[in-house]
Amino acid sequence: MFKQILSKLPRKSSKNSESREHGGNNAAYSSVYGGSRSGDLVSEKLGNLSVSYSPAPDSSADVGWKSSNSKPCGNNVLSGYEALPAFKDVPASEKQNLFIKKIRLCCVVFDFNDPTKNLKEKEIKRQTLLELVEYVSSANGKFPEVVLLEIDKMVSANLFRSLNPQPREKKVVEGLDLEEEEPSMDPAWPHLQIVYEFLLRFVVSPETDAKLAKRYVDQNFLIRLLDLFDSEDPREREYLKTILHRIYGKFMVYRPFIRTAINIFFSFVFETEKHNGIGELLEILGSIINGFALPLKEEHKVFLVRALIPLHKPKCLAMYHQQLSYCITQFVEKDCKLADSVFRGLLKYWPVTNSAKEVMFLNELEEILEATQPPEFQRCMVSLFRQIARCLNSLHFQVAERALFLWNNDHIQNLIIENRKVIVPVIFPALEKNARKHWNPAVQSLTLNIRKIFYDLDPELCKECLHKFQEDESKGDEIEARRETTWKRLEELAEKKASGSEAMLIPHKANGNASPGLIWIDTC
């Protein structure tokens, strides 16, 4: 009798068993809001959102998400996705548990490819992320290990994803019109931006203990963070650059590892020539190089020669040349003896047919020359000014003009004047040719000004160079005349041979074939 009565009563545990039957997701959502304490729900308001709050449980073991399993959720799970209360509405003793709940709530990743899908849940997550950012910024106590674990899970679930780059046209790979190319924006940026801001505030927070946090911000975390630099969204790369630089500053134990891991340049230069984040990585390196202690370690010098200088090779140099030039100039300013290696590297990769790239090389050359001391300059000035002479005679007026602008730099002009006995004979023929027959009036005018400087400074040297130039020019005319004579004789011999020979085309019948063929017979 009692069994029949009891069997008609509702079972309180049926909800939990139903949750287990549907798998782990529903159970996870249920645990976030406090499991069986659903009778104590208190309705609150957060902005325009209807917030349901369940008092924090005594133990944090029964709340939260498994971030490694977080995926875009179906309607069954999202039906229970509700906002949690604001931190100001709970006692101070419960704020940490609420913080963990909010972190776990944000481990759910939504699909932003459909802008009309899960609008309410997306807004709840966005507001929750903003609250987390504010909480981390104003935290008054060290973050315990249980909080660090949940932060690691939430950040990993939201940020570490496979990037699907859009197919690039060949012209983009070759570096043409890169400035005008429309960047690809990630549709999930409304959430990603706040997660990045949260991570940045967490890293720079004085309440983050680096010794404790390095268990979670480990080498694997850093490698996955570096992988995201290939994102096509420039806003994401900007956040990544700032965060990685802050990690480098705070987690000193990882500095050698970051310097090594950041070097993805070999595969970029010699294999793919495709990576969206080279400029941002070089910008981080520029700050790192600026902080190198003197004297420079040998490994840093090797990095300059083997990793940075070859970055001048790719066709898409325009994407990151400004940052690359800054890094190399920093090296030369710290150790002027490296100038010779840098100049030889530039000459090795100097472009032959790409005029826009030549202008970039000349810009960088001026910056490096400005930091170069006379002994290092004298080691490579001959080969350097042979290349500058070729640029002076370039038919592309911007290349010629940029090479002539080097004389506007006082330091470079002084270096040239001090070594004029060697440099003037190298560049004088180029100046003379420009003054006589360059098609661009601006280039001609600049050339005449520079030539006048040399004539005023050392007229005897210029007369000697002019005399030698005229001799070489006359020798060149003689060689050209002999070449013309040789070709004329060859043409006459060919005509005589042709007139003494007769080629006759006659029909020829192949054996067993009805149709005739054609055969050439020489009658000589």
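If you're wondering where the values come from, they're calculated on a predicted model, not measured in any experiment. (Residues numbered from 1 in each chain as written. Predicted model: local features only at pLDDT ≥ 70, side-chain atom pairs only at ≥ 80, totals over all residues. Heavy atoms only, no water.)

## A closer look at the overall build of the protein
Point 1. Of the regular secondary structure elements, the protein holds 25 helices and four strands.
Point 2. Classification of the 524 residues of the protein by burial places 44% in the buried group.
Point 3. For the protein, restricting intrachain contacts to residue pairs at least 6 apart in sequence, the fraction spanning at least 24 positions comes to 73%. (Helix = DSSP H or I, 4+ residues; strand = E, 2+ residues; numbered from the N terminus. Buried < 20%, exposed > 50% of the residue type's maximum accessible area, 1.4 Å probe, protein only. Contact = heavy atoms within 4.5 Å.)

## What to know about the packing of helix H24 (residues 441–457) against helix H25 (residues 459–499)
Helices that pack against each other are described as a pair by the angle of their axes relative to one another and the distance between those axes.
Point 1. The geometry of H24 relative to H25 is characterised by a closest axis approach of 5 Å and an angle of 120° between their N-to-C directions. Looking at the two axes, H24 sits oblique to H25. Touching Phe 454, Tyr 455, Asp 456 and Leu 457 of H24 are Pro 459, Cys 462 and Leu 466, all from H25.
Point 2. Residue composition of the contact of H24 with H25, by class: six nonpolar, no polar and one charged. (Axes fitted to C-alpha atoms, helices over the stretch in contact; angles between N-to-C directions. Parallel < 35°, antiparallel > 145°, perpendicular 65-115°, else oblique. Nonpolar A, V, L, I, M, F, W, Y, C, P; charged D, E, K, R; others polar.)

## Digging into the side chain of His 321
Point 1. Of note, His 321 is situated in helix H17 (residues 321–334).
Point 2. Within the local environment of His 321, its side chain forms a polar contact with the backbone oxygen of Met 360, the two atoms lying 3.4 Å apart.
Point 3. With residues near it in sequence (within four places) discarded, His 321 still touches Met 360 and Glu 364. (Polar contact = N/O pair within 3.5 Å; in protein donor to acceptor, adjacent residues only side chain to side chain.)

## A few points about unusual backbone geometry
Point 1. Look at the link from Leu 294 to Pro 295: it is a cis peptide, with omega at 0°.
Point 2. For Pro 295, the location among the structural elements is in the loop between helix H15 (278–290) and helix H16 (298–308).
Point 3. Residue Asn 118 is not a glycine yet carries a positive backbone phi of 55°.
Point 4. With respect to the helices, strands and loops of the structure, Asn 118 is situated in the loop between helix H5 (95–105) and helix H6 (119–137).
Point 5. According to the relative accessible area criterion, Asn 118 is buried, its value standing at 13%.
Point 6. A positive phi is found at Glu 273, a non-glycine position, where the angle reads about 55°.
Point 7. The exposure class assigned to Glu 273 is buried, which follows from its relative accessible area of 17%.

## Side note on a negative patch on the surface
Point 1. On the surface, Glu 484, Glu 491, Glu 492 and Glu 495 cluster together into a patch of negative charge.
Point 2. Looking at the element boundaries, Glu 484 is found in helix H25. (Patch = residues over 30% accessible without salt bridge, like charges linked within 9 Å, V, L, I, M, F, W, Y side chains within 5 Å. Areas by Shrake-Rupley, 256 points an atom, 1.4 Å probe, with all protein chains shown as cover. Salt bridge = Lys/Arg side-chain N within 4 Å of Asp/Glu carboxyl O. Lys, Arg positive; Asp, Glu negative; His and termini not counted. Charge placed at Lys NZ, Arg CZ, Asp CG, Glu CD.)

## Points about the packing of H5 against H6
Point 1. Running from N to C, H5 and H6 cross one another at 140°; their axes reach a closest spacing of 10 Å. The pairing of H5 with H6 is recorded here as oblique in orientation. Handedness of the crossing formed by H5 with H6: left-handed. Counting all contacts with H5, which are made through Lys 95, Gln 96, Phe 99, Lys 102, Ile 103 and Leu 105, the residues of H6 involved are Ile 124, Thr 128, Glu 131, Leu 132, Tyr 135 and Val 136. (Left-handed = near helix turned anticlockwise from the far one by under 90°.)

## A word on the environment of Leu 199
Point 1. Assignment of secondary structure puts Leu 199 in helix H9 (residues 189–204).
Point 2. As a C-alpha pair, Leu 199 and Asp 152 span 47 residues in sequence and 9.4 Å in three-dimensional space.
Point 3. Among all residues touching Leu 199, those that are not within four sequence positions of it are Val 155, Leu 159, Phe 221, Leu 225 and Ile 243.

## Thoughts on helix H22 (residues 410–418)
Point 1. Taken together, the buried positions of H22 are Ile 412, Gln 413, Leu 415 and Ile 416. End-on view of H22: buried residues confined to an arc of 160°, all on one side of the axis. In H22, the exposed positions that point more than 90 degrees away from the buried face belong to Asp 410 and Glu 418.
Point 2. In this fold, the buried residues of H22 make contact with helix H19 (355–370), helix H20 (374–392), helix H23 (420–437) and H24.
Point 3. A side-chain oxygen of the first residue of H22 lies 3.0 Å from the backbone nitrogen of His 411; this N-cap is Asn 409. (Arc of directions from axis to C-beta.)

## Some thoughts on the nonpolar core
Point 1. Of all hydrophobic cores here, the largest spans 132 residues; its most connected members are Phe 99, Leu 225, Phe 265, Leu 282, Leu 308 and Phe 385.
Point 2. Sort the elements by how many residues they give to this core and H9 lands first, with 10 residues.
Point 3. Ignoring anything within four residues of it in the chain, the contact list for Leu 282 reads Phe 265, Leu 308, Leu 311, Tyr 320, Gln 323, Leu 324 and Cys 327. (Core = buried A, V, L, I, M, F, W, Y, C linked by side-chain atoms within 4.5 Å.)

## Re the environment of Ser 394
Point 1. Structurally, Ser 394 is set in the loop between H20 and helix H21 (397–404).
Point 2. Along the primary structure Ser 394 and Ser 355 are separated by 39 residues, whereas in three dimensions their C-alpha atoms are 8.9 Å apart.
Point 3. Discounting residues that sit within four places of it in the chain, Ser 394 has contacts with Val 399, Ala 400 and His 438.

## Some thoughts on the packing of aromatic side chains
Point 1. Counted under the stated rule, the structure contains 17 aromatic pairs.
Point 2. With a centroid separation of 6.2 Å and 35° between ring planes, the pair formed by Trp 189 and Tyr 196 is classed as tilted.
Point 3. Take Trp 189: its relative accessible area is 6%, and that puts it in the buried class.
Point 4. Look at Tyr 196 and you get buried, because its relative accessible area is 0%.
Point 5. Ring centres 5.9 Å apart and planes at 15° place the aromatic pair Tyr 196 and Tyr 239 in the stacked group. Of this pair, Tyr 196 sits in helix H9 while Tyr 239 sits in helix H12 (residues 234–250); the two residues are 43 residues apart in sequence, bridging distant segments of the chain.
Point 6. The structure contains a cluster of three or more aromatic residues connected by ring pairs, namely Phe 87, Phe 99, Tyr 135, Phe 143 and Phe 202. (Phe/Tyr/Trp six-rings, centres within 6.5 Å; stacked < 30°, edge-to-face > 60°.)

## Here we look at H25
Point 1. With 41 residues, H25 extends 60 Å from end C-alpha to end C-alpha; this agrees with the ideal 60 Å at 1.5 Å per step.
Point 2. By the burial criterion, the buried members of H25 are Leu 461, Cys 462, Cys 465 and Phe 469.
Point 3. Where H25 is buried, its residues meet H23 and H24. (Expected span 1.5 Å × (residues − 1).)

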